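Inside the fold
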Amino acid sequence: MNPLALFVDVRDRLCLVVGAGLVAGRKIEALLQANARVRVIAPEAQPAILEHAQEGRLEYLEREAEEKDLEGVFLLIVASNNAKLNERLTKLARERNILVNAAHQAKAGNVLLPSVIHRDPIQVAISTGGASPMLGRLLRDQLESVIPGGFGRLAALVENSRARMREAFGERRLRRRFWEAILNGPIAEQVLGGQEDEAQIALAAAIERGVVPSAGEVYLVGAGPGDPDLLTFRAQRLIRQADVVVYDRLVSEPIMALLRQDVEKIYAGKERDRHAIAQESINHLLVRLAQEGKRVLRLKGGDPMVFGRGGEEIATLMEEGIAFQIVPGITAANGCASYAGIPLTHRDYAQACIFVTGHLKDGSVNLNWEMLAHSNQTLVFYMGLAGCPEICRQLIQHGLAGDTPAALITRGTTPQQQVFTGTLQDLPELITARDVAPPTLIVVGEVVRLREQLRWYQTDSDVQAEPTATETLTDAP
Ligand SMILES: C[S@@+](CC[C@H](N)C(=O)[O-])C[C@H]1O[C@@H](n2cnc3c(N)ncnc32)[C@H](O)[C@@H]1O
């Protein structure tokens, strides 16, 4: 079969489905989504199909289908377990010029139902010509992750402006160039990033002036704690399309490897007390690069809004009128705790979780210790390695027991992850004895005990790291 790809309007047309099992169920969902008038005939049906019938979304006839049921049918789908019935109805339908999809024997029918990616009003249909529907679904799942969720909104933006575009640009060639620039530039990114009103205004202005706005924009993207598989779909897309990247030390090598070969890379540092570029200079650098018309990727470890100074960077962008969007990332606390098998909250042991900086502006650890030194909560200290002795001393002094469980998680979520468990009392010693280096996260609270039961992610370095003061904690609840 070498079929023609066709989208058919089945609104209010009678579509008959013979069979009501799982395969029929999938086809019925597609028909309902296309607002077809659906009739299902089968001696028994899946609960989901019965539910649709009860809700009046389709008509269900509880019996075997017969020839007379083909009367008035626009599209027939045969998907019953009765091969002879399927074959007979397919033949009869074809003789009557009824469109027929034979679910279990695609080539017997004359219509294939493809796997579809929906980005309303856009639909991407995948057909394997009946060779392997499973392969079609696999391909669809892969494409789902690369076609942005807001792609349909982009189509709506284009549709709403087409008439104005035709008036403004008589020549078809100019129109095409204009649209290409719009759909690859900041206006399209605004739509995908959920800033549709701003995009509408910018597009109207661009059409009126007949000038495509400069492509300059900034993507403030959270790269997560290290494992590239933890990037969001949007982060992956923006990483691929940037012209220049301004990145921090914490962005892992496998994530840097995702950048295009020709991308300009600027290291912004952020090592403790050794910032390669001062924060204010980074803010202005982003503005300057965007003003040069570049798509600037500001790539940060973890989440840009958690101890990431993302707020300061976007404040400067806003002041300078630079288009930007923020893409959240998995913050170190979430990523490291999950990969270490330590739940941050637990019904019995921790009803709250506090993310705390262990490194304050003037270099001292000056926190509200009364608020922090409570049982039944988990404390997660970022940048706390150097201040760890002081942190432990203060927590004990303010009421936490010296044997409160604590963990150090180094290079969490990466193949170099190491987890050291101990107590508030012995944590500073552990750091020296084990030569623990940054980036390290400190987790304090009863939840740390649960690692004994819940650990799942193992690396070679993690295995070596384990025989520590944990012995004191083996009486896990
Ligand atoms: C400046 S903060 C940045 C936090 C980041 N914005 C986030 O949301 O994870 C840097 C600190 O995060 C922690 N950190 C970040 N990534 C880590 C990782 N993979 N393993 C352990 N700690 C990490 C360390 O405590 C490090 O000193």
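Residues numbered from 1 in each chain as written. Predicted model: local features only at pLDDT ≥ 70, side-chain atom pairs only at ≥ 80, totals over all residues.

Looking at the overall build of the chain
A count of helices and strands for the chain gives 18 helices and 17 strands. The C-alpha atoms of the chain give a radius of gyration of 30 Å, which is well past the 23 Å a tight globule of 477 residues would have. Each principal axis of the C-alpha distribution contributes one length, and for the chain these read about 85 × 65 × 35 Å. Put simply, 66% of the contacts in the chain that link residues at least 6 apart link residues at least 24 apart. (Helix = DSSP H or I, 4+ residues; strand = E, 2+ residues; numbered from the N terminus. Rg over C-alpha atoms; globule rule 2.2 N^0.38 Å. Contact = placed C-beta atoms within 7 Å.)

Overview of the packing of helix α11 (residues 279-291) against helix α12 (residues 310-319)
Interhelical geometry of α11 versus α12 gives an angle of 45° and a closest axis separation of 9 Å. It follows from the interaxial angle that α11 and α12 lie oblique. As α11 packs across α12, the resulting crossing turns out to be right-handed. Packed against α11, whose contacting residues are Q279, I282, N283, H284, L286 and V287, the element α12 presents E312, E313, T316 and L317 at the interface. (Axes fitted to C-alpha atoms, helices over the stretch in contact; angles between N-to-C directions. Parallel < 35°, antiparallel > 145°, perpendicular 65-115°, else oblique. Left-handed = near helix turned anticlockwise from the far one by under 90°.)

Section: the pairing of strand β4 (residues 75-78)
With burial as the criterion, each face of β4 is covered, one bearing L75 and I77 and the other bearing L76 and V78. At this point the chain moves from β4, through helix α3 (residues 83-95), to the parallel strand β5 (residues 99-102), and the crossover so formed is right-handed. (Buried ≥ 20, exposed ≤ 12 C-beta atoms within 10 Å, placed from the backbone. Right-handed = clockwise from strand over helix to strand, strands pointing away.)

A short note on the nonpolar core
Ranked by internal contacts, the top residues of the largest apolar core, which has 40 residues, are A407, L441 and V443. Contributions of two or more residues to this core are made by α13 (332-340), β14 (377-382), α15 (388-397), β15 (405-410), β16 (418-423), α16 (427-434) and β17 (440-444). The element contributing the most residues to this core is α13, with 6 residues. (Core = buried A, V, L, I, M, F, W, Y, C linked by C-beta atoms within 7 Å.)

Focus: the domain arrangement of the chain
Segmentation of the chain into domains returns domain 1 (14-113), domain 2 (151-209), domain 3 (217-327) and domain 4 (337-473). On a C-alpha basis, the centroid separation for the pair domain 2 and domain 4 is 51 Å. (Domains from an automatic or database assignment.)

A look at unusual backbone geometry
Cis geometry is found at the peptide bond from D120 to P121, where omega equals 5°. Among the secondary structure elements, P121 is positioned in the loop between β6 (115-119) and β7 (122-126). One non-glycine residue with positive phi stands out, namely N97, at about 60°. Looking at where N97 falls in the secondary structure, it is placed in the loop between α3 and β5.

Observations regarding the site of the ligand
Lining the immediate environment of the ligand, one finds 24 residues, of which G302, G308, T331, A332 and G412 sit closest. Contributing elements (two or more residues each) for the shell around the ligand: α13, β15 and β17. Per-class residue counts for the shell around the ligand are 12 nonpolar, 9 polar and 3 charged. If you count residues domain by domain, the shell around the ligand takes at least three from each of domain 3 (217-327) and domain 4 (337-473). (Near = placed C-beta within 6 Å. Nonpolar A, V, L, I, M, F, W, Y, C, P; charged D, E, K, R; others polar.)

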